[in-house]
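This is what each chain is made of:
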Amino acid sequence: MSAPVPTFQEFYCQTTGSNLNAGSTTSDTPLATYTSDLVSGWNATTGVFTVAGGADPVADGVTAGMWASIYVTAGATVATFVAKIVAVTTTTVSVALIGQHGTKPATDLLGGTTMRVGGAWDGPSGTVGFPFGFATCLTTDWSAAQAYIVGDVVGNTGASGGKFRCILGHTNQAPPNATYWVAETAGSPRVNIKNGVTYAITSGMTHGVTTPAIGACIFSGYTATPGDGGIAIFDGGAPATAYTMLTVSVARIVIESLQFQNNGGGSPGGAAGDGIRVTAGGSMVRKCIAKTMRHNGIYLGANSQAVECEAVECNTRNTTSGGNFGGITLSSGGARAVRCISHDHTGGVNAHGIVVTGAGVVDGCILANISGDGIFSTTSGVSGFTSCDFYNCRHGINLAAGPANPTVACIENCNFLKGSGYGIVWRANTIGTLLKCSFGRGTMVNASGDISVTEPCGIIEIGTKYLTSDTTPWVDPTTGDFRISSSQVVAKGRGRFLMTKSGYTGTVGYPDIGAAQKQPS
Amino acid sequence: MTLGLGLGLGLSSGTRLGLGSTSAASAEPNNDTHFSFTDFYVQQTGSNLNAGSTNTDAPLATYTNSAVLGWNSGTGVFEVASGNPVADGVAVDMFASVYVTAGATVATFVGRITAVSSTAVTVSLTAVSGTPPSTDTAGARTMRVGGAWAGPSGTTTFPVNFVAAAMVNAAGYIPHVNYKNGTDYSMTAVITRSLNGPVIQRGYTATPRDGGQWRVKGPTTGASYIGVNVTGSYNLFADIDVQNNGATGSATGFALAATTNLVFGVSVHEVRGRGLELNNVLGALVECEAWGCNTSNTTYSGGIHAATAGSFVFRCLAHNNRSGSNGHGITMDTSIYWKECISAYNTGDGYQSNADTNVTLSSCDFYNNGANGLNFTGGSTTMLLSIVNCNFVKNGANGILFRRYGEVGEFAGNRFGSGTMANTTADATTFEPFSMSATNNSSYASDVTPWSDPDNGNLSITLAAAAGAGYGSYTAAFNGFGTTVAYPDVGAAEKSHA
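Residues numbered from 1 in each chain as written. Chains lettered and ligands numbered in written order. Predicted model: local features only at pLDDT ≥ 70, side-chain atom pairs only at ≥ 80, totals over all residues.

Here we come to the overall build of chain B. When you go through chain B residue by residue, the secondary structure sums to 1 helix and 41 strands. With respect to the three principal axes, the spread of C-alpha positions in chain B is 85 × 60 × 40 Å. Look at the contacts in chain B between residues 6 or more apart in sequence, and 68% of them connect residues 24 or more apart. (Helix = DSSP H or I, 4+ residues; strand = E, 2+ residues; numbered from the N terminus. Contact = placed C-beta atoms within 7 Å.)

Below is the structure:
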């Protein structure tokens, strides 16, 4: 037996490619380019593209399973329809029509349509956001009313689920009927954006392509091999009024290994000025970096996840106009930040590390060198802050005066050092826990105090620890190395498990206090 | 009031150093360094007519109102018929129970004392619980100063739903009701908390906040009912053990039916329905346990249930829910964050979800469940899911039966059993689109588990192959932060790396 391994259908962006390509290979140029002929041309009903001029797709090496971009030749700048090739003859290339990227062009018998097979996209540039706003999940939900041809891909929202590819044209034959459908083993599309050259944009990119119930789409930076973690950089320039560099307004999208830097100045509206702005639930921002943003670095306005991200130099405007801003903002019940580092936000007291305005969890995050608060929370819901480090912020966690309703906050296994304010500010009417947290002393003390409490405040406090004067729990926070190293916090965290059943010996854990658990010796 | 403690190098007066430098197996007492409370006490030898504000069975003083000024419900002045409150030691900031003498069984009004003279006691009309009895000059009112309550018994649920958030001392400290343990609080009716907080209700053994649990024990016969039903918001229930709630039906042991409550250190066992339930409301569960639940074998039920986006569950344990095919450890819906939870020895699934949007399972263990370790049922969409640093060992079907509609998210640092510890059907069964980012997942050596003695309930991590082997990567490119990396264990209860 073995752990599951995902598969992806890979697409590629590199600044030397062309956005008219199919995006399915790493070469700048397509394998072949064809014009539709004047007899059979491009048939938008059957998906058959008949090539003009004696070209021979077979001889060119075109095969089923490759991807083709088909577009109206005149005026084309970016691909509008990219589909999987299902059949090839010496004169035709047939593509699937359902569950493909974009919208198929109209039938054409005038030679006005072009097909490109393969080739990489060149990606976003200037005001062009492509392939954001174009790439889809490569599936659509099955419909009884839809006529399907061979190669079409659907998601089965019925009880048996799954993704299926049509093997016999028909209407109203629900999957998994084996006469018409076969399980689609090809994974979700992953758009691999090659790094090395910065993608310079001048306006916001939006990904709002409607997602089907079943399906996902991944946008991922890379260096040499898809998924290798190489980070591709997008630079927003220095416009007078900042804009949000990427807005994701649909579900089940993953933004991965991308860096967004610089988005201008001025006084943008509250929803503008962010690096990445996710407004739909069920999406993930992973291994992304947001740097020098006018407002938020990463904004989750729905129950989505920010995982293993970095935010630096955000809310440069130091404003509260239009909202509270910081490196990462969790603005929805269920939104969470995990293993993120938010640091060096130096715009002023309003430049926070993480802002929480909805019920959420912050786990394993590092907040450091922040002129605002490490975590600034106005939520009236429940929030959990676990295994985090706060160093050289104003307040470490500021449960700021917000809504009148009480709130629940659980803080555990966190370190609070060298704040210019308090380690934690508890607002009135908070109930929660404070379990096994440590506070600095000497030069590492939080200047205003460990904790500020506005009554009534009901917190279960257990095992608060005060570090030896002038010491930190980490290797060297001044250089950004927050690996836990001090015996003062190693295995000193909260790890209690309640076990009342007679005869059971019980379980106990010994986590470190802080984010980056020490490596066992 | 704002307190700034620990300023500079020193500790403020009254501040005590933390007790804990190690994680003990049992509950650790609070060190109460930074938080203060308005304490009330429940002990079965007390009286529910007392004010509840001291831990003595008898009140400090008991008075009948005079026939002259008597009790004035508009001013809160209680003139005593006899006795001298000053001489009796009654003082400002104590609490007094004032009630209609005839037929009284439980307190109906408790207020903070704001003035005392040799003939009268004045109570606040705002720092109170309950409703002041009507004005009386006929000697028909009684005042008790202090004394512990007797607490719930039979069909009496007092004072769970009596204590109000307003009943605070002069400093404004939150009401904290301490239920003394030692003898079961035997109930025959549901304990409902419909008032909003913030109020804390918590068990203790000898000293408030020492972690001792009080037990609410229901019947083992008859139609089941909810053991504790929280229908108000902003309440913190801690250190409670709920046992038994009937013999028929499928009522929950401890139900949260209103938003924004916190449950800490609560165990529920041997109940007909779900053990501990966030019943479609936002809330948090920390260090709770549920075993022997869902004896009715009701579908989509088990030890712990959570079903509202934004809720989180930390270090909770669901085990030995063994009612049959529906004896699940955890059931859930929507968007929940699970950290360091353990589900073991259940006859159904370790974890069964339905129609989720956004789920995280971080550092959790799934061992020897009769069906799947994780079973993502229901729904009809691809979901966002992160499973990180979890163990799946010896489950009766799949380690993970993924959703039929696919996933995006993160799947990293997970381990599966092999040999005699293998999951019977497969480590994982996936369906397209299975689009999670997968890193550092593998199997243990044959026949081993990562834990000390799981068959005897000790799932503390001991295996070297699990220690420090989890996924702990950070992404950072600026100002040197890229050097940070974590080495978490795989599983819930971290091995000591001291």
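Back to the write-up after that little detour.
What follows covers the overall build of chain A. Secondary structure summary: chain A contains 1 helix and 49 strands in total. C-alpha atoms of chain A, sized along the principal axes, occupy 85 × 65 × 45 Å. When the 521 residues of chain A are sorted by exposure, 68% land in the buried category. (Buried ≥ 20, exposed ≤ 12 C-beta atoms within 10 Å, placed from the backbone.)

What follows is about the domain arrangement of chain A. Residue and element names in this part refer to chain A. Taken as a whole, chain A is organised into domain 1 (17-117), domain 2 (140-183) and domain 3 (244-484). Between domain 1 and domain 2, the C-alpha centre-to-centre distance is 24 Å. Counted by class, the side of domain 1 that touches domain 2 contains 4 nonpolar, 3 polar and 1 charged residues. (Domains from an automatic or database assignment. Nonpolar A, V, L, I, M, F, W, Y, C, P; charged D, E, K, R; others polar.)

Right, let's talk about unusual backbone geometry for a bit. Residue Pro456(A) is bonded to the preceding Glu455(A) through a cis peptide linkage, with omega at 0°. Here Pro456(A) lies in the loop between strand E45 (449-454) and strand E46 (457-462). Of note in the backbone geometry, Glu308(A) takes a positive phi value of approximately 55° without being a glycine. Among the structural elements, Glu308(A) can be located in the loop between strand E28 (305-307) and strand E29 (310-312). Non-glycine residue Asn297(B) carries a positive phi angle of around 55°.

Another aspect to go through is the interface of chain B and chain A. Interfaces are frequently sized by the accessible area removed from exposure as the parts join. Contacts between the two partners involve 130 residues from chain B, matched on the other side by 122 residues from chain A. Take the side of chain B that touches chain A: its biggest share by element is 5 residues, from strand E38 (residues 434-439) of chain B. For the side of chain B that touches chain A, the per-class residue count stands at 60 nonpolar, 55 polar and 15 charged.

Residues and elements named next belong to chain A. The residue Val 355 is located in strand E33 (residues 352-356) in this model. Linking Val 355 and Phe 376, residues 21 residues apart in sequence, is a C-alpha distance of 4.8 Å. Beyond its immediate chain neighbours, meaning those up to four positions away, Val 355 contacts Asn 324, Phe 325, Gly 326, Thr 329 and Phe 376.

For the rest of this paragraph, the subject is the domain arrangement of chain B. Each assigned domain of chain B is listed here: domain 1 (52-145) and domain 2 (349-498). A C-alpha centroid distance of 59 Å is found between domain 1 of chain B and domain 2 of chain B.

Another aspect to go through is the environment of Thr192(B). Residues and elements named next belong to chain B. Here Thr 192 lies in strand E12 (residues 191-193). Look at Thr 192 and you get partly exposed, because 17 C-beta atoms sit within 10 Å. In this structure, the C-alpha to C-alpha distance between Thr 192 and Thr 157, residues 35 residues apart in sequence, is 7.5 Å. Other than its neighbours up to four places away in sequence, Thr 192 contacts Thr 157, Asn 161, Asn 229 and Thr 231.

With that out of the way, let us pick up the sheet that holds strand E1 (residues 8-13) of chain A. Strands belonging to one sheet form pairs held by backbone hydrogen bonds; the direction of such a pair is parallel or antiparallel. Residue and element names in this part refer to chain A. With parallel pairing, 12 strands are arranged side by side in an open sheet as E1-E16-E19-E22-E25-E28-E31-E34-E37-E40-E43-E46. The sheet is open, and its two borders are formed by E1 and E46, each paired with just one other strand. Direction aside, neighbouring strands of the sheet carry axes that sit 10° apart on average. Here 5 bridges tie strand E37 (residues 382-386) to strand E40 (residues 407-412), and the two strands are oriented parallel to one another. Bridge pairing links Thr 386 to Glu 412 in E40. (Pairing = 2+ DSSP bridges. Axes fitted to C-alpha atoms, helices over the stretch in contact; angles between N-to-C directions.)

Moving on, we get to the nonpolar core. Ranked by internal contacts, the top residues of the largest apolar core, which has 309 residues, are Ala68(A), Ile276(A), Ile298(A), Ala96(B) and Leu285(B). Of all the elements, strand E6 (residues 81-88) of chain A adds the most residues to this core, at 6 residues. Apart from the residues within four sequence positions on either side, Ile276(A) is in contact with Met245(A), Leu246(A), Ile255(A), Phe260(A), Val285(A), Cys288(A), Ala290(A), Ile298(A) and Tyr299(A). (Core = buried A, V, L, I, M, F, W, Y, C linked by C-beta atoms within 7 Å.)

With that settled, consider the pairing of strand E25 (residues 328-333) of chain B. All names here are of chain B. Taken across its 6 residues, E25 has 6 buried, putting it largely inside the fold. One ladder, built from 4 bridges, connects strand E22 (residues 302-306) with E25; its direction is parallel. Each bridged residue has a counterpart across the sheet, and for Ala 306 the counterpart in E25 is Met 332. Bridge count for E25 against strand E28 (residues 351-354) is 4 bridges, and the pairing is parallel. Bridged to Thr 331 within E28 is Gln 352.

Residue and element names in this part refer to chain B. Strand order in the open sheet made by the 10 strands is E12-E15-E17-E19-E22-E25-E28-E31-E34-E37, with parallel pairing throughout. Every interior strand has two partners, whereas the edge strands, E12 and strand E37 (426-429), have only one. Averaged over all adjacent pairs, the angle separating strand axes in this sheet is 15°, with direction ignored. Note that strand E17 (residues 254-256) and strand E19 (residues 276-278) share 3 bridges and pair parallel. Directly across from Leu 256, in E19, lies its bridge partner Leu 278.

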